[in-house]
Amino acid sequence: MIKGCSKKIYHVRNASSKYFEEVYFVLKDGISVPCEGSSSSSLAEEAERIIKEAGVLLNNAKPNRSSPTSRLRCFLVGVFTSSAILGIISLLLTIQ
């Protein structure tokens, strides 16, 4: 349980991004939160920059799709490995 912990959070609503509706930033110690409505704040500019960069990263991200041959290869490795393990176990049981 944490007692006495205080973090300042900067909340951005209606972010200019097609991916994010709302964004929460946890501020470092010593950073003051500007009053709501002050758009010329360096904190607001930094938040918008980070949101735009995150959108660019999401656009450039490649989906994690494996090819059918790699899935077949993994399946066959699993089959052969489990067959080998079962063969060794049955061999050990017949020796005793």
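Residues numbered from 1 in each chain as written. Predicted model: local features only at pLDDT ≥ 70, side-chain atom pairs only at ≥ 80, totals over all residues. Heavy atoms only, no water.

Moving on to the overall build of the chain. Across its full length, the chain holds two helices and two strands. Its helices and strands taken in sequence order, the chain reads β-β-α-α from the N to the C terminus. Burial status across the chain gives 12% buried among its 96 residues. Of the contacts formed within the chain by residues at least 6 apart in sequence, a portion of 42% connects residues at least 24 apart. (Helix = DSSP H or I, 4+ residues; strand = E, 2+ residues; numbered from the N terminus. Buried < 20%, exposed > 50% of the residue type's maximum accessible area, 1.4 Å probe, protein only. Contact = heavy atoms within 4.5 Å.)

This next bit is on the pattern of salt bridges. Scanning the model with the defined rule gives one salt bridge in all. One salt bridge in this structure joins E46 and R49, with 2.5 Å as the shortest N-O distance. With E46 and R49 both in helix α1 (residues 42–60) and three residues apart, this pair spans about one turn of that helix. The exposure class assigned to R49 is partly exposed, which follows from its relative accessible area of 37%. (Salt bridge = Lys/Arg side-chain N within 4 Å of Asp/Glu carboxyl O.)

Counting residues in hydrophobic clusters, the biggest one holds nine residues: Y10, V12, V23, F25, L27, L43, A44, A47 and I51. Every element with two or more residues in this core is listed here: β1 (9–13), β2 (22–26) and α1. If one sorts the elements of this core by residue count, α1 sits on top with four residues. (Core = buried A, V, L, I, M, F, W, Y, C linked by side-chain atoms within 4.5 Å.)

Attention now goes to a nonpolar patch on the surface. On the surface, a cluster of nonpolar side chains totalling about 490 Å² of accessible area is made up of L72, F75, L76, V79 and F80. Residue placement: L72 occurs in helix α2 (residues 68–95). Since its relative accessible area comes to 48%, L72 is described here as partly exposed. (Patch = residues over 30% accessible without salt bridge, like charges linked within 9 Å, V, L, I, M, F, W, Y side chains within 5 Å. Areas by Shrake-Rupley, 256 points an atom, 1.4 Å probe, with all protein chains shown as cover.)

To continue, consider the confidence of the model for the chain. Mean pLDDT over the chain stands at 76; residues scoring 70 or higher make up 71%. Predicted confidence in the chain is weakest over α1, with a mean pLDDT of 74, and strongest over α2, with 92. (pLDDT = per-residue confidence, 0-100.)

With that settled, consider α2. Here α2 spans 41 Å end to end across 28 residues, near enough to the 40 Å set by a 1.5 Å rise per residue. Of all 28 residues in α2, zero are buried; the element is thus mostly exposed. (Expected span 1.5 Å × (residues − 1).)

This next bit is on the environment of K8. Within the secondary structure, K8 is located in the segment before β1. Expressed as a C-alpha distance, the spacing of K8 and F25, which sit 17 residues apart in the sequence, is 8.5 Å.

Here we come to the environment of E22. Following the sequence through the fold, E22 ends up in strand β2. Considered as a pair, E22 and H11 are 11 residues apart in the sequence and their alpha carbons are 7.2 Å apart. Dropping the residues within four chain positions of it, E22 is found in contact with H11, V12 and R13.

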